[in-house]
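Working through the structure, step by step
Read off the chains here:
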Amino acid sequence: MRRAGGGSATGETDAMPADAFSHHSDPDLAVDDEELVDFQPEPIAVIKPALPAKPARWRVLTVDDDRGFQRSLSFALSGELVAGRAIEHLQAYSMHEAVQLLLRERDIALILLDVVMETDDAGLRLVKSVREVLGNAEVRIVLLTGQPGVAPMPEVIRDYDISDYWIKSELTPARLSSLLTANLRTYEQLQSVVQARRGLQMIVESSNLLFGARSLREFSARVLSEVAALLGLVPEGVLCARLRRAGEPLVNRRIGIISAVGSYASLTDRWLDELDMPEIVWPLQQCFIGRQTLTFSGGTVLYFPPSGEEGDDYAALVAVPRELAPTELELLHVFALNVASGLHNVSLMSRLDKMAYEDGLTPLPNRNALVRALDFAMEPVQRAGRGLLLLDIDGFSGINIAFGPGYGNDILRRLAIRLRNSLDASVFIARVSKDIFALLGQTERIHPDLVRAVLNGAGEADDPLKFLTLGTALVPLDALGGRGQDVLELAGLTLKQAKLRGHGQHEVYHPDLEKAAAESFRLLERIRQAVDNDRLSVEFQPQIDLRSGKVKGIEALARLHDEHGVPVSPDVFIPLTETTGLILEMGERIFALSCQAAKALAMAGFATLKVAINLSVAQLIRPEQMERVLARLASTGINPEQLEVEVTESVAMLNFDAVRAQLQRFQFLGLTVAIDDFGTGFSSLAYLSQLPADRLKIDRRFVGELGQGEEAGAIADMIIKLAIRLGKTVVAEGVETEAQALWLHAHGCHYAQGYYYARPMPLAALLTWLDERRAAERPVAPV
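Here we take up the side chain of Arg-140. Tracing the sequence through the fold places Arg-140 in strand 5 (residues 140-145). Since its relative accessible area comes to 4%, Arg-140 is described here as buried. Within the structure, the side chain of Arg-140 is placed 3.1 Å from the backbone oxygen of Glu-138, a separation counted as a polar contact. Beyond its immediate chain neighbours, meaning those up to four positions away, Arg-140 contacts Ala-109, Leu-110, Ile-111, Arg-131, Asp-161, Ser-163, Asn-183, Thr-186, Tyr-187 and Leu-190.

What follows covers the nonpolar core. Residues Leu-643, Phe-666 and Leu-744 are the most contacted members of the largest nonpolar core, which totals 73 residues. In terms of residues, this core owes the most to one element, helix 19 (residues 582-603), which gives 9 residues. Every residue in contact with Phe-666, bar those within four places of it in the chain, is listed here: Leu-615, Leu-620, Gln-625, Met-626, Val-629, Val-645, Leu-671 and Val-673.

Looking now at the sheet that holds strand 11 (residues 313-319). Reading across the sheet, the 5 strands line up as 8-7-11-10-9 and stay open at both edges, with antiparallel pairing between neighbours. The strands lining the two open edges of the sheet, one partner per strand, are strand 8 (255-261) and strand 9 (294-296). Averaged over neighbouring strand pairs, the angle between their axes works out to 20° when direction is ignored. As paired elements, strand 9 and strand 10 (residues 299-304) share 3 bridges and run antiparallel to each other. By the bridge assignment for strand 10, Thr-295 is matched with Thr-300. Set on the sheet, helix 8 (residues 278-290) makes contact with strand 7 (237-242), strand 8, strand 9, strand 10 and strand 11; between it and strand 11 the angle comes to about 140°.

It is worth spelling out the pairing of strand 21 (residues 643-648) at this point. A large share of strand 21 lies buried, amounting to 5 of its 6 residues. Judged from the 4 bridges that link them, strand 20 (residues 610-614) and strand 21 form a sheet pairing that is parallel. Pairing of Ala-612 across the sheet is with Glu-644, part of strand 21. Of the strand pairs in this sheet, strand 21 and strand 22 (residues 672-678) are connected by 5 bridges, and their pairing is parallel.

What counts, and where the lines are drawn
Residues numbered from 1 in each chain as written. Predicted model: local features only at pLDDT ≥ 70, side-chain atom pairs only at ≥ 80, totals over all residues. Heavy atoms only, no water. Helix = DSSP H or I, 4+ residues; strand = E, 2+ residues; numbered from the N terminus. Buried < 20%, exposed > 50% of the residue type's maximum accessible area, 1.4 Å probe, protein only. Polar contact = N/O pair within 3.5 Å; in protein donor to acceptor, adjacent residues only side chain to side chain. Contact = heavy atoms within 4.5 Å. Core = buried A, V, L, I, M, F, W, Y, C linked by side-chain atoms within 4.5 Å. Pairing = 2+ DSSP bridges. Axes fitted to C-alpha atoms, helices over the stretch in contact; angles between N-to-C directions.

This is how it looks when you write it as structure tokens:
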């Protein structure tokens, strides 16, 4: 294809008059170059990263420690064609190897993943890493197992977007072919959606650059550069205009080249009809005749229609050495409409900007807008004293489950409006994702205390925002470099650290945070070793009847010591183990130790004291949990009436139907059921009335507020009255003063536990303490 040169039939190369686009024959209709696009100067845009080209092969990763099975899969995949494309097979033999490969390799469309490898949950841990750590939502994942009994829970498949689950022996060649076709096509569709969204963002950004041009020529050069960037090409093409002449028929208007780039650069200011270059002249002429965008072998021509019948219209020819995908053609169409309307009407650009940079649920900017604002804020002259604060609503999934997504969406909208109306106008507020919001501004104007004051200091008494707690993370920008996306990722990592410590926690980023994340992993390994080496124990805290003062129950509390004998806080090791399958093993050990304690208590004459045991959600929804309980009761010989099962309110709401069914089985068996940390979750009265619970436990947070004012005990009083009305008993946790005990007794609370009565103690110390207390209660014989 000839790229430059050409001339008239006479061999001459007459240049188009330099004033051809600014001085028309009718002065009343003339449009000056500066009048057409009169904006402030701005540097020519740098080509941005563009949409990836369609790969020639599908990339499929198989992760399995069975090398024989890997060889079989490799043989089966070698001859497969899906949509005319062959398969590039990548292999990993462990979770760790797969993670390293996924960090290096891109465009992997499908992962065939063994569930059980170096650990029983290695496959599911890899899935979680792919979705949450790597942030890859497009790759399709199919779980495989050679063990028919090893199947992931339905909610795991749903939450981590697992496409399918197969037993290896059932994966015939026909099924494998069907599996590949369905998942690879789904991946391609998801990629199209992602590319379309990214393309729309690029269109909005390019429009902002285009409309900053000073002249029509500069505007035209930018159009060519932006089209090339959109397609991932080196700029190569020309932009022409069909000039408006007074009273002249449309077909007679002359076409001139306003701007040209690449090997066509010498054609700038030339008339199209003077060029001996049919490879570009014919497509451009056909575009103007048909007044529409068209594609041809070697390129595409975009048509920019006039604002009216007598207006100028434009066309841009761009050399494209490959076939364009349907998504790219649609983006080019949108781009052409946007550029054309940008000369006369900015409404389409506004709609695109809204789509790319505004949140669909709240009246706030979205994540894309935040990254753009962060890019600007990371300029050296902008960073001083500024920071990024992420805030996340604690227990938001429980709110959605308890009250429905409509109520959850209302909470998000209320919070967005409250933040926007209450914080300083200089603070940039955005919704990042789900229930995570971001504040960008001077650090003293985005302090977490200000945000909490916003929640608590406005609204009516029943304002739902008053009951929210937030996990927050601050990243000061002063000492950082890099892009806005990098800062947002650091903030996300910092927020995860805050959430690990529990509800209402705040974390400030520091350079050692990545080391802290690695330390959490090492701590988890030490916890695993402690469990394996029998350094997990149980201590017991008595529960006192507030009316009689007698001991009526015992709560079993997990304790863990590292290899040096140093205790590890439950607030640290329990959240960590809940992120892995280790919580099941640890929970089973605690249950066994608690049952042994119940047997020892019975043998010592305290058979009427119930031992309360906390169960995690993983234990509750395990199908064989009831069989495990029955087996433990049989092996220890204790009565079910000696045990009490405790579940937190938030756990009960996570999987309400499954948890309710399990608790009903426990009650039928004779165990007492208690709802722990009541008041910290978001269960509605309708759900509470359906829970098969015998007791409600008031969280220590509300007990600690007693005596701090008239309203301090409002929540505790409400819980007591609610429990009594529902026919349930109440246990108050964290009682540390006599005043708190007296208040609870006066308001009808049944039982209490806390340091005021006794600290948690080992079983031997508990038996001694109970004996001494029983001796003190025994009547003294008269002399």
